[in-house]
Structure formats: structure tokens, C-alpha cells
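Structural description and commentary
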Amino acid sequence: MPTTTRQWLLNGHPRGRGIEIENDFKLATVELPDPGPGEMLLKTHYLGFDPAQKGWMENIADYVAPMNIGDVMRGSGIAEVVASNGGRFAVGDMVFGTTGWTEYLVTDGKELTRVETDLSPTAVLSALGTTGLTAYCGLFKVGKPVAGDTVLVSGAAGATGSIVGQLARIAGCRVVGIAGGQDKCDWLVREAGYDAAIDYKAGGVKEQIRALCPRGVDVIYDNVGGAILNDMLGQIATGARVVICGGISRYETGSLPAGPENYFNLVFRRGTMTGFIVLDWASEFPGIRKRLEGFVKDGRLKYQEDIQHGFENAPQTLQRLFTGQNRGKQMLKL
């Protein structure tokens, strides 16, 4: 059994700026305690990455505990039980949940879940993980699409956005995505089944939304914020539902995006704009996971995984989310 483990510790709060890999993280080797009664020793196999982690580093997000300098960097992972002192999982079980950026950890496992899927185990961090759950709950619990609706998704080629569009198609909606780069837009239409895609890097987003959504947008699922959200609000239909999931446009600056100038369209169109935290539906996660797995198995839901390698590359892997390098769910294999 190992007596020490490497961990990435928080070494800076990147408020008002992008993440600085060299300064905001510190690699440390620490002693591993023996598992106490009811505890287990886990070996981490994969880490998962989400844009929200920068908000945790900044201590902007108040729905999770603040992070202090020297804390193990918070994050999700898949781990194997390698020793147990009467713990809730058996040796050899694969589990997932919040592990933090550590190669090994000792835990009672109360916030972890056994990996039980016929898909690749990594699916519990992507299509069946927070990514898929966020897409499902944001779309169906908040957006409430009905067949025939037009659904417009920003950050559409991201891990969450790509699943949102496919779920909307399953619900009988017409789906338009906004993404950065022609290759991402081609993937949305060719593989993810989007009806159309807009390359925001080519400009003319407002005009393209108007052309592709002539009767207005019934459901907006926004992962970006800023100017793109403003352009989307300019074309909402009567009774539109605007779902605010994320705001990746703000993560490099650290400041919150300016309020959209077109927000008063919510009055003219009798629309609603709602933010959400996926943890509010935690009691429903097991059932939603089964539903998502069924969609994957019957071929109606495709997902991408971008897997980097090497524990020492964890900070660089997180950074990929903010430079548009990742394709689908960003992960790291230790």
C-alpha cells in the first residue's frame, strides 16, 4: 500500500484574470493516513474538468464551500477501492464523485457512487455525469420544451451543450447551436443531429439567428453569457424560456458579464429567464442516469470525451476548457 500521494493544491485565487498554471497550483507530496473504521483507500484513475472549477477557485460560487490556499484542488474523479476498513464499498469497486486532484485518498465514501453502467466507465463523468445531468435538468426542468419548439444552444459543441441539443431533438424540437469554428459546427450537424449551427467566430451571429429562427426562439440554453446571450435574447418568441447554465465568456476576465441590453424583450415577449444549480435535483439523478444511458444505447445520444494523460498535467488540462481546445467532456487519465 502507498504511504504517500501526490496532490495538486490551490495556490492562488484567479479573480479578474485567467488561470495562471505556474502560480495558481502547487504540486505536493503528502503522507497518507491509514483508513480508520469505515474508511477506504482509493486510487484515482480519471479526473473530470468543468468550467465551474474556476469559479470555485475564485470563491465566487456560494453554492459550494469556499476554497482556501493550500486546499486540495476540488474536482470530480473515478477511483478504485484498493483497501477498506469496513467501508461501504468493496475492494476492487470503481466509484465516482468528488475526489479532488489527488492520486490516492482516504475517505468514508459518503459522497461517492459505485460505477454501474454497461457503457465505458468514463461515461459516469460525461454523458451520465454532471455534464449529462446538467443538460437534462436545465433543459427539461427549466426550459420545458415541447415538440415543435425551436431550441437555441450556446456553447453547443461543449460537453453539456452537445447533449442539450440531442435531448431537445429527442423531444421533437428544432435545434440550432452556436459554437466556435467550422469544424465544431460541422460536428454538431453531422454527428449530434443539430438542425443548424452558427460559427460565432465568423461574425454576424445576430443576423444568423434571425435567419435560422424566423419564428423566434422558444427555449434558449445559454452556456456563454455576454454578447452572445444578448444576441439570442433579441430573437425570443412569445412565452420563451431562457435557461442560464453557465457563462464561459466571463471566466478569463473573472468579472461577471455585463447585463444583456436585450433583456427587456422578456417583457415584450412575456418570457422568463432562470438560472439553476443541478444539485437541486440530486434525488432524481439515478433515474435520469438510467434514462440517459438508454438514449446512448439506442443510438439517439452521442457524446465526446477528450482524455489527456498524466497527473502532472492536471492544471494544463483544466486550462483547455478556456481556450476552446477540448472536444466534449474534458478528462485526464492518471
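Residues numbered from 1 in each chain as written. Predicted model: local features only at pLDDT ≥ 70, side-chain atom pairs only at ≥ 80, totals over all residues. Heavy atoms only, no water.

Digging into the side chain of Asp218
If you trace the backbone, Asp218 turns up in strand S11 (residues 217-222). Among buried charged residues, Asp218 stands out as having no salt bridge; its nearest opposite-charge side chain is Arg241, 5.0 Å away. Within the structure, Asp218 has its side chain in polar contact with the backbone nitrogen of Thr150 (distance 2.8 Å). Contacts of Asp218, omitting those with residues within four sequence positions, involve Asp149, Thr150, Ala237, Ala240 and Arg241. (Helix = DSSP H or I, 4+ residues; strand = E, 2+ residues; numbered from the N terminus. Buried < 20%, exposed > 50% of the residue type's maximum accessible area, 1.4 Å probe, protein only. Lys, Arg positive; Asp, Glu negative; His and termini not counted. Salt bridge = Lys/Arg side-chain N within 4 Å of Asp/Glu carboxyl O. Polar contact = N/O pair within 3.5 Å; in protein donor to acceptor, adjacent residues only side chain to side chain. Contact = heavy atoms within 4.5 Å.)

Overview of a nonpolar patch on the surface
Residues Tyr263, Phe264, Val267, Phe268 and Met273 make up a contiguous nonpolar surface patch of roughly 490 Å² in combined accessible area. Looking at the element boundaries, Tyr263 is found in the loop between strand S12 (236-244) and helix H8 (265-268). (Patch = residues over 30% accessible without salt bridge, like charges linked within 9 Å, V, L, I, M, F, W, Y side chains within 5 Å. Areas by Shrake-Rupley, 256 points an atom, 1.4 Å probe, with all protein chains shown as cover.)

A short note on the domain arrangement of the chain
Segmentation of the chain into domains returns domain 1 (4-126 + 303-333) and domain 2 (130-278). With centres defined by C-alpha atoms, the gap from domain 1 to domain 2 works out at 29 Å. Of all residues in domain 1, Gln304, Phe322 and Arg327 give up the largest surface area on contact with domain 2, accounting jointly for 25% of the area buried on that side. Our count for the contact surface shared by domain 1 and domain 2 stands at zero salt bridges. (Domains from an automatic or database assignment. Buried area = accessible area lost by both parts, 1.4 Å probe.)

Here we look at the packing of aromatic side chains
With the rule as written, the count across this model stands at eight aromatic pairs. Relative to Phe276, the ring of Tyr221 lies with its centre 6.5 Å away and its plane at 70°, an arrangement referred to as edge-to-face. Placement of Tyr221 in strand S11 and of Phe276 in the loop between strand S13 (272-275) and helix H9 (285-297) is noted, with a sequence separation of 55 residues between them. When its relative accessible area of 0% is taken as the criterion, Tyr221 is described as buried. Between Tyr263 and Phe264, the aromatic rings sit 5.7 Å apart at their centres with planes inclined by 85°, giving edge-to-face as the arrangement. What makes Tyr263 partly exposed here is its relative accessible area of 46%. A relative accessible area of 39% places Phe264 in the partly exposed class. Taken together, the aromatic side chains of Trp8, Phe25, Phe49 and Trp101 make up a single cluster linked through ring pairs. The ring of Trp56 is capped by Arg74, whose NZ or CZ atom sits 5.8 Å from the centre of that ring. (Phe/Tyr/Trp six-rings, centres within 6.5 Å; stacked < 30°, edge-to-face > 60°. Lys NZ or Arg CZ within 6 Å of the ring centre and 35° of its normal.)

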